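Take a look at the letters that make up each chain.
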Amino acid sequence: IITHNKIDTMIHVMQAHVVFDEFHELINMPAFNLLFAELLGAKHMQGDNANTLMVSATPHYFFLKKFLDIPEADIIKIDSFNRSTYSVEFINYDEKSLNPIITQSERGRTFVISNTAQDAQQGYLNNHNQENSILFHGKYTKQDQVALFNRVFDCYKRNGNKKYDVLRSGPIIQASLNITC
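Source: prediction; values computed, not measured.

Calculation criteria
Residue positions are given per chain, counting from 1 as you read along its sequence in written order. Side-chain atom pairs in this predicted model are given and counted only at pLDDT of 80 or more, local residue features only at pLDDT of at least 70, and totals for whole chains, interfaces and linings cover all residues. Excluded from the side-chain calculation are hydrogens and water; included are all heavy atoms of the structure. A pair of strands is labelled paired if DSSP reports no fewer than 2 bridges between them. Strands here mean DSSP runs of E at least two residues long; helices mean DSSP runs of H or I at least four residues long; both are numbered from the N terminus. For helices, the axis comes from a line fit to the C-alpha atoms of the stretch in contact; other axes are also lines fit to C-alpha atoms, and the angle between any two N-to-C directions lies between 0 and 180 degrees. We call Phe, Tyr and Trp rings a pair once their centres come within 6.5 Å, taking the six-membered ring for Trp, and we label the pair stacked below 30 degrees between planes, edge-to-face above 60, and tilted otherwise. Whether a residue is buried, partly exposed or exposed follows from its accessible area with a 1.4 Å probe, protein chains only, as a fraction of its type maximum: under 20%, in between, or over 50%, in that order. Two limits define a charge over a ring: the Lys NZ or Arg CZ must be within 6 Å of the ring centre, and within 35 degrees of the ring normal. The patch calculation keeps residues exceeding 30% relative accessible area without a salt bridge and links them within 9 Å when they carry like charges or within 5 Å when they are nonpolar (Val, Leu, Ile, Met, Phe, Trp, Tyr). Surface exposure here means Shrake-Rupley accessible area, sampled with a 1.4 Å probe, where a residue is shielded only by the protein chains that are shown. For this document, the term salt bridge refers to a Lys or Arg side-chain nitrogen within 4 Å of an Asp or Glu carboxyl oxygen. Here a crossover is taken to be right-handed if, once the strands point away from the viewer, the path from the first strand over the helix to the second is traced clockwise.

## Observations regarding the sheet that holds strand 4 (residues 133-136)
The parallel open sheet is built from three strands, whose spatial order is 3-5-4. Looking at the sheet topology across the chains shown, the edges are occupied by strand 3 (110-113) and strand 4. Between one strand and the next, the sheet's axes are offset by a mean angle of 15°, whatever the strand orientation. Sheet topology places strand 3 next to strand 5 (residues 166-169); four bridges connect them, and they run parallel. By the bridge assignment, Thr-110 is partnered in strand 5 with Val-166.

Structure below.
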């Protein structure tokens, strides 16, 4: 799309139904958010035939309205169907010491989501003797990811087997699983 010798890709994009899933993740990526805005601008020029859907559970409304220039009428909010209650605990700590997400053991039905697979691994290794936990991240082989995905899903799905109390994961859980405690 961004080079003159691959412009035919743009023709396919303009003719396609395009879905940008989790588009909010582009906000902190300067080159990508500019490309994203240009693609949306091109699709916008198609008017009612734009066939473009942007999906985000956590949209950045300033980004939508001011940067992408999307009218309020085109922003559709859907109430969550999930009526579960959650507890989120914010812990202040000295960044020169180990992150409590790695050192603190958990009890009960808990997801511990780290920013990196390495932090998830360290947390699991530090706490596996005190926790009934499972580790899931994107650094496994594809075959192992499938097997682990099935174990995690079977545990935490509605009426799941509850084999594990704690799920320690890297960012892959957000992208791969639609499950709840």
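## Quick notes on the packing of aromatic side chains
One pass over the full model with this rule turns up four aromatic pairs. Residues Phe-20 and Phe-36 carry aromatic rings whose centres are separated by 4.7 Å and whose planes lie at 80° to one another, so their mutual orientation is edge-to-face. Of this pair, Phe-20 sits in strand 1 (residues 18-21) while Phe-36 sits in helix 2 (residues 30-44), and the two are 16 residues apart along the sequence. Neither residue differs from the other here; Phe-20 and Phe-36 are each classed as buried. Consider the rings of Phe-111 and Tyr-156, whose centres lie 5.0 Å apart with planes at 85°: the pair is edge-to-face. With Phe-111 in strand 3 and Tyr-156 in helix 6 (residues 142-156), this pair connects stretches of sequence that are 45 residues apart. For Phe-111, a relative accessible area of 25% puts it in the partly exposed group. With relative accessibility at 1%, the residue Tyr-156 sits in the buried group. These aromatic residues form a ring-pair network of at least three members: Phe-20, Phe-36 and Phe-63. If you follow Lys-77 out to its NZ or CZ, it ends over the ring of Tyr-61, 5.2 Å from the centre.

## A closer look at the pairing of strand 2 (residues 52-55)
Strand direction decides the pairing type here: strand 1 and strand 2, joined by four bridges, are parallel. Each residue of the ladder has a partner; that of Val-18, found in strand 2, is Thr-52.

## Here we look at unusual backbone geometry
Located in the positive-phi region is Asn-51, a residue other than glycine, with phi close to 50°. As for its placement among the helices and strands, Asn-51 is situated in the loop between helix 2 and strand 2.

## Quick look at a nonpolar patch on the surface
On the surface, a cluster of nonpolar side chains totalling about 240 Å² of accessible area is made up of Val-19, Leu-53 and Val-55. Of note, Val-19 is situated in strand 1. Accessibility expressed as a relative area gives 53% for Val-19, which makes it exposed.

## Comments concerning the pairing of strand 1
The alternating pattern of strand 1 places Val-18 and Phe-20 on a buried face and Val-19 and Asp-21 on a face that is not buried. The handedness of the strand 1 to strand 2 crossover, carried by helix 2, is right-handed.

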